[in-house]
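# Examination of the molecular architecture
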Amino acid sequence: MKKITHAVIPVAGFGTRMLPLSKAVPKELLPLGNRPAIHYVVEEAIAAGIKHIVLVGHAQKSAIENYFDINAELDNQLRHKGKDELADSLNWLPKDVTISMIRQGQALGLGHAVLAARPIIGEHDFAVLLPDVVLDPFTTDLQSDNLAFMLNEFTQNGYSQILVDKVADEEVSKYGIAKLSADTNFEDITTDITTVNASFKVAGFVEKPSLADAPSRLAVVGRYVFSNRIFDYLANTKASVGGEIQLTDAIDALISQQGVEVTTMLGNSYDAGDMQSYMQAFIYFAQQQL
Ligand code: G1P
């Protein structure tokens, strides 16, 4: 199977959990230490070999597009003042990486946002990275390991990959939760989870279940590698949980046709879309950079 070089990053959310910070500044541009949160997510994609990134946004999110573009006036100004090093540091995107922006139109859910990228992704298989979730970039190589492992696994066996991590009981209702295949040994997975990436066949997902309905404690972290077929299922997915077109419903359809694996996550992830965890993440990132 061909190497995956395309990724979708949905950035259309209003960020209501981050108000008032996100009222005038897109939540994806809020700082984690000395960089906007989305900077780390784009770096993670590039480190794993992604070359074409599609941001799915809306009218109030053009600042994100500007962040990844060259600001010629600022560049000239800095160089004029002899601050070439600073100017160079702003042009960090590799020359062979392109970032495109497309708009979602109506905010009909995560599944709908991913489908909005179809005109740019075309026939390619692709990764999806949710920008609320930032993987720890300070632990050796972890930033690229998870996604690189998933991309490699997909190239080897053709199964779409969903990154999962074990969460506490009180957290299950915030996430998509994996239902493992009957022949998968849950103990093996949870033992492996901190030591090595591993992929297991998955039977389905339940989006934001109550604890009683949660089929496991393995939560969808926000990194996916999809066969292009997911677009066909997304196009036919109706609104469900929260009145939204859910990505998890399309994944369930994909499972029945092609098989899907969950990949266990290495290292820590930080939720930059929730005020409490954002503040903790900010302190951690700042401490690493001071
Ligand atoms: C989305 C997904 C969910 C996943 C979560 C990870 O939910 O629908 O399956 O577990 O991201 O952050 P959201 O947080 O957008 O409501």
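Here, the structure is the one placed above.
To keep things clear, this report deals only with the structure shown in the data block. This is a predicted model, so every value here is computed, not measured. (Residues numbered from 1 in each chain as written. Predicted model: local features only at pLDDT ≥ 70, side-chain atom pairs only at ≥ 80, totals over all residues. Heavy atoms only, no water.)

### A look at the nonpolar core
Quick note on the threshold: Among buried residues, the Ala, Val, Leu, Ile, Met, Phe, Trp, Tyr and Cys ones that are joined through side-chain atoms within 4.5 Å form a nonpolar core. Each residue is placed in one exposure class: buried if its accessible area under a 1.4 Å probe, protein chains only, is under 20% of its type's maximum, exposed if it is over 50%, and partly exposed if it falls in between. By definition, any uninterrupted DSSP run of H or I lasting at least four residues is a helix, any uninterrupted run of E lasting at least two residues is a strand, and each is numbered from the N terminus. Any two residues having at least one pair of non-hydrogen atoms within 4.5 Å are treated as being in contact.
By size, the foremost hydrophobic cluster in this structure holds 42 residues, and its most contacted members are Ile9, Leu32 and Ile38. No other element matches the 7 residues that helix α1 (residues 37–47) contributes to this core. Excluding its chain neighbours within four sequence positions, the residues that come into contact with isoleucine 9 are Ile38, Val41, Val42, Ile53, Val54, Leu55, Val56, Leu129 and Pro131. By size, the runner-up hydrophobic cluster in this structure holds 35 residues, among which are Ile121, Val128, Ala198 and Phe205.

### As for the site of the ligand
Let me state the cut-off plainly: The near set for a molecule or strand comprises every residue that places at least one heavy atom within 4 Å of it. Two N or O atoms form a polar contact when they lie within 3.5 Å of each other; inside protein one atom must be a possible hydrogen donor and the other a possible acceptor, and for residues adjacent in sequence the pair counts only when both atoms belong to side chains.
Neighbouring the ligand are the residues Leu110, Leu130, Val133, Tyr175, Gly176, Glu207, Lys208, Val220, Val221 and Gln246. In this structure, glutamate 207 approaches the ligand through a side-chain N or O atom, which is 2.7 Å from an oxygen atom. Within the side chain of lysine 208, a nitrogen or oxygen atom sits 2.7 Å from an oxygen atom of the ligand.

### A word on empty space enclosed by the protein
Which entries qualify depends on this criterion: A 1.4 Å probe that fits but cannot get out identifies a cavity on a 1 Å grid over protein atoms alone, an open set with protein on both sides within 12 Å along at least five of seven lines counts as a pocket, and a residue lines either if it has an atom within 4 Å of a point. Grid points are joined across faces, edges and corners, and a volume is the space filled by probe spheres set on the points. Only Asp, Glu, Lys and Arg are considered charged, only Ala, Val, Leu, Ile, Met, Phe, Trp, Tyr, Cys and Pro nonpolar, and every remaining residue, Gly among them, polar.
In total, this model carries 1 cavity of 30 Å³ or more according to the counting rule given. Every residue lining the largest cavity is listed: Lys27, Glu28, Ala37, Pro131, Asp132 and Ala272. Taken together, the residues that form the lining of the largest cavity break down as 3 nonpolar, no polar and 3 charged.

Shape descriptors only; they carry no functional weight alone.
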